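# Structural characterization, general
For reference, the chains in residue letters:
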Amino acid sequence: MHAIVIREFGGPEVLKLEERPDPVPGKAQVIVGVRAVGVNPVDTYIRSGTYALVPPLPYTPGSDGAGIVQAVGELVRAFAPGDRVYFCGTATGLATGAYASLAVCETSQVHRLPERLSFAQGAAVGVPYATAHRALVSRAAARPGEIALVHGASGGVGIAAVQIARMLGLTVLGTAGSPEGLELVSRQGAHHAIDHRGPDHVERIRELTGGHGVDVIVEMLANVNLDRDLGLLAPHGRVVVVGNRGRIEIDPRQTMGKESAILGMVLWAASTGELEAVHAALGDGFERGVLTPVVGRELPLAEAPKAHELVMAPGARGKIVLVPAA
Ligand SMILES: NC(=O)c1ccc[n+]([C@@H]2O[C@H](COP(=O)([O-])OP(=O)(O)OC[C@H]3O[C@@H](n4cnc5c(N)ncnc54)[C@H](OP(=O)(O)O)[C@@H]3O)[C@@H](O)[C@H]2O)c1
């Protein structure tokens, strides 16, 4: 099989395409012939070698993708060769194993890909949609009629959060930092799209809530926004920290009078049972057409270094996916 292999930590240049032996499935495992792979920001943090998660070298990066079941272990009944699937996680370990033409997965990591979604769209589901669903439902307990701010709505998780918040019956405010991103956020169903680079964007968000404040914030860049988020929250509001890239000073007093809450979340903390429920809910949304992943860029697997530069650059407009050669 073809696979991206990292033999030393460092910049995007350490991502090298190699030929590796084809995997064979364990008794309860599924081998997916990968047609598209999701590129997630965490792949770049891990590649640098400075993140909390440090896989043993050499390793193949990546958490999620989509393709066709190629082989199954003797105990697998839920899938058969030829099934269209997406996967979230692989059997090789946390955030590893997906940047390849074949991925070995536990059965619980594999889910059916609805006919209406392409493989590239399927590669935009595993991490982003499950993260957005957990943030809104499991952590924030968002209720119909509430106001949600998706702070960073133009990327993989943000688009998923906008669509899921609409599915749940919330009023949705979404931010982006480019004209294309703002247009995309509106097209995905946000009631208002706001430029998070605009000097008056916080005031604008406050006005758009009619002075009530925001009930739920899904935050993609907490080290920049968390203190201002606390000022934007409504009484009993919740901010879910999904993304963070450094330290920030906050005034905790802002949480007291409103009895508001700061909630951390990481997808890896979800139990297998919780993830089953999340993917069942997502599958229903995909089937009914109320959830539709948006792919911004498709690149060949060999261009993984370029994809790692793009995913960290401003101007997101959907998911970046890699396509292994046939
Ligand atoms: N906790 C978890 O389990 C989990 C899971 C998945 C992802 N994450 C994290 O969540 C974050 C988003 O992931 P992703 O896959 O959606 O990444 P992405 O596709 O690269 O999108 C990044 C988003 O952040 C926005 N952004 C940039 N500057 C911002 C600012 N000042 N304020 C608010 N938003 C800003 C970008 O907008 P523009 O480019 O338009 O400026 C874009 O919408 C990343 O930090 C990632 O590591 C966490």
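Residues numbered from 1 in each chain as written. Predicted model: local features only at pLDDT ≥ 70, side-chain atom pairs only at ≥ 80, totals over all residues. Heavy atoms only, no water.

## Remarks on the packing of aromatic side chains
Test applied: Any two of the Phe, Tyr and Trp rings considered here, Trp counted by its six-membered ring, make a pair once their centres fall within 6.5 Å; the pair's planes then place it as stacked at under 30 degrees, edge-to-face at over 60, or tilted in between. In this text, helices come from DSSP runs of H or I with a minimum length of four residues, and strands from runs of E with a minimum of two, each type numbered from the N-terminal end. Summary of the burial criterion: residues with accessible area below 20% of their type's maximum are buried, those above 50% are exposed, and those between are partly exposed, where the area comes from a 1.4 Å probe applied to protein chains only. We call a charge positioned above a ring when the Lys NZ or Arg CZ atom is no farther than 6 Å from the ring centre and deviates by at most 35 degrees from the ring normal.
Enumeration over the complete set of coordinates arrives at three aromatic pairs. Between the aromatic rings of tyrosine 45 and tyrosine 51, the centroid separation amounts to 5.5 Å while the plane-to-plane angle is 55 degrees, which identifies the pairing as tilted. Centroid distance tyrosine 129 to phenylalanine 286: 5.3 Å. Interplanar angle 65 degrees. Geometry classified as edge-to-face. In this pair, tyrosine 129 is assigned in helix H3 (residues 126-139) and phenylalanine 286 in helix H8 (residues 272-288), connecting sequence segments 157 residues apart. For the pair formed by tyrosine 129 and phenylalanine 286, the shared burial category is buried. For arginine 84, the ring lying beneath its charged end belongs to phenylalanine 119, and the centroid distance is 4.8 Å.

## Considerations on the domain arrangement of the protein chain
Quick reminder of the rule: Where each domain starts and ends comes from a domain assignment, either automatic or drawn from a database. In this analysis, two residues are considered to be in contact whenever any of their non-hydrogen atoms come within 4.5 Å of each other. Once two parts are joined, some of their accessible surface, as seen by a 1.4 Å probe, is lost; buried area is that loss totalled over both. Think of a salt bridge as a Lys or Arg side-chain nitrogen and an Asp or Glu carboxyl oxygen that are within 4 Å of each other. Identification of polar contacts relies on pairs of N or O atoms within 3.5 Å, with a donor-acceptor requirement for protein atoms, meaning one able to donate a hydrogen and the other able to accept it, and with residues adjacent in sequence counted only if both atoms are side-chain atoms. Any residue outside Ala, Val, Leu, Ile, Met, Phe, Trp, Tyr, Cys, Pro, Asp, Glu, Lys and Arg is labelled polar, Gly included; the first ten of those are nonpolar and the last four are charged.
In terms of domains, the protein chain is made up of domain 1 (2-125 + 293-323) and domain 2 (128-268). Computed from C-alpha atoms alone, the centre-to-centre distance between domain 1 and domain 2 is 28 Å. With 21 residues of domain 1 at the contact, the number on the domain 2 side is 17 residues. Both sides together, the interface formed by domain 1 and domain 2 hides about 1300 Å², and carbon and sulfur atoms give 66% of it. In terms of surface lost to domain 2, no three residues of domain 1 exceed Val125, Val294 and Ala316, which account for 29% of the buried area on that side. Linking domain 1 to domain 2 there are zero salt bridges. Inspection of the region where domain 1 meets domain 2 yields three residue pairs in polar contact (both at pLDDT 80 or more). With three residues, the top contributor of residues to the side of domain 1 that touches domain 2 is helix H1 (residues 41-48). Looking at the side of domain 1 that touches domain 2, its residues break down into 15 nonpolar, three polar and three charged.

## Here's the deal with the pattern of salt bridges
Pairs can form between side chains of opposite charge whenever their charged atoms are close. Per the stated rule, a full pass over the model turns up eight salt bridges. Ionic pairing is found between aspartate 83 and arginine 112, a salt bridge with its closest N-O pair at 3.4 Å. Of this pair, aspartate 83 sits in the loop between strand S4 (64-72) and strand S5 (84-88) while arginine 112 sits in strand S7 (residues 110-112), placing them 29 residues apart in sequence. Exposure remark for arginine 112: the relative accessible area of 47% places this residue in the partly exposed category. Here glutamate 274 ties to arginine 134 by a salt bridge, and the two come within 2.7 Å at their closest N and O atoms. On the criterion of sequence distance, the pair formed by glutamate 274 in helix H8 and arginine 134 in helix H3 is long-range, its members being 140 residues apart. Look at glutamate 274 and you get partly exposed, because its relative accessible area is 23%. Connected via shared salt-bridge partners are Arg143, Glu146 and Arg238.

## A short note on H3
Put simply, the rule reads: Every helix has an expected span of 1.5 Å times one less than the residues it contains.
Taking 1.5 Å as the rise per residue, H3 with 14 residues should run 20 Å; its terminal C-alpha atoms sit 18 Å apart, in good agreement. Of all 14 residues in H3, 11 are buried, a share of seventy percent or more. Just downstream of H3 lies alanine 141, where phi reads positive at about 50 degrees.

## A word on the site of the ligand
To keep it simple, the criterion reads: Residue proximity to a molecule or strand is established when one non-hydrogen atom of the residue lies within 4 Å of it. Accessibility throughout is a Shrake-Rupley quantity obtained with a 1.4 Å probe, and a residue counts as covered only by protein chains that appear here.
Among the 28 residues in the neighbourhood of the ligand, the closest are listed as Tyr45, Ser154, His196, Arg197 and Leu267. At 2.9 Å from an oxygen atom of the ligand is found a main-chain nitrogen or oxygen belonging to alanine 316. Protein chains shield 88% of the accessible area of the ligand, which is 920 Å² for the free molecule. Mapped by element, the contributors of at least two residues to the shell around the ligand are H1, H3 and helix H4 (156-167). Across the shell around the ligand, the residue classes tally to 15 nonpolar, 11 polar and two charged.

## Some remarks on the environment of aspartate 227
Note that aspartate 227 resides in helix H7 (residues 222-232). Dropping the residues within four chain positions of it, aspartate 227 is found in contact with Ile248, Glu249, Ile250, Asp251 and Gln254. Of note is the side chain of aspartate 227, whose polar atom sits 2.8 Å from the backbone nitrogen of aspartate 251.

## Some details on the sheet that holds strand S11 (residues 214-219)
To keep things clear, this is the line we draw: Pairing between strands is defined by DSSP: at least two bridges between them are needed. Each axis is a line fitted through C-alpha atoms, and for a helix only the stretch in contact is used; angles between axes span 0 to 180 degrees, taken between their N-to-C directions.
Taken in spatial order, the six strands line up as S10-S9-S8-S11-S12-S13 in an open sheet, and their pairing is parallel. In the strand order of this sheet, the two ends are held by strand S10 (192-195) and strand S13 (261-264), each with one partner. Each strand axis lies, on average, 20 degrees off the axis of its neighbour in the sheet, ignoring direction. The pairing of strand S8 (residues 147-151) with S11 spans four bridges and is classified as parallel. By the bridge assignment for S11, alanine 148 is matched with valine 216. Along the sheet, helix H6 (residues 201-208) makes contact with S8, strand S9 (171-176), S10 and S11, crossing S10 at roughly 160 degrees.

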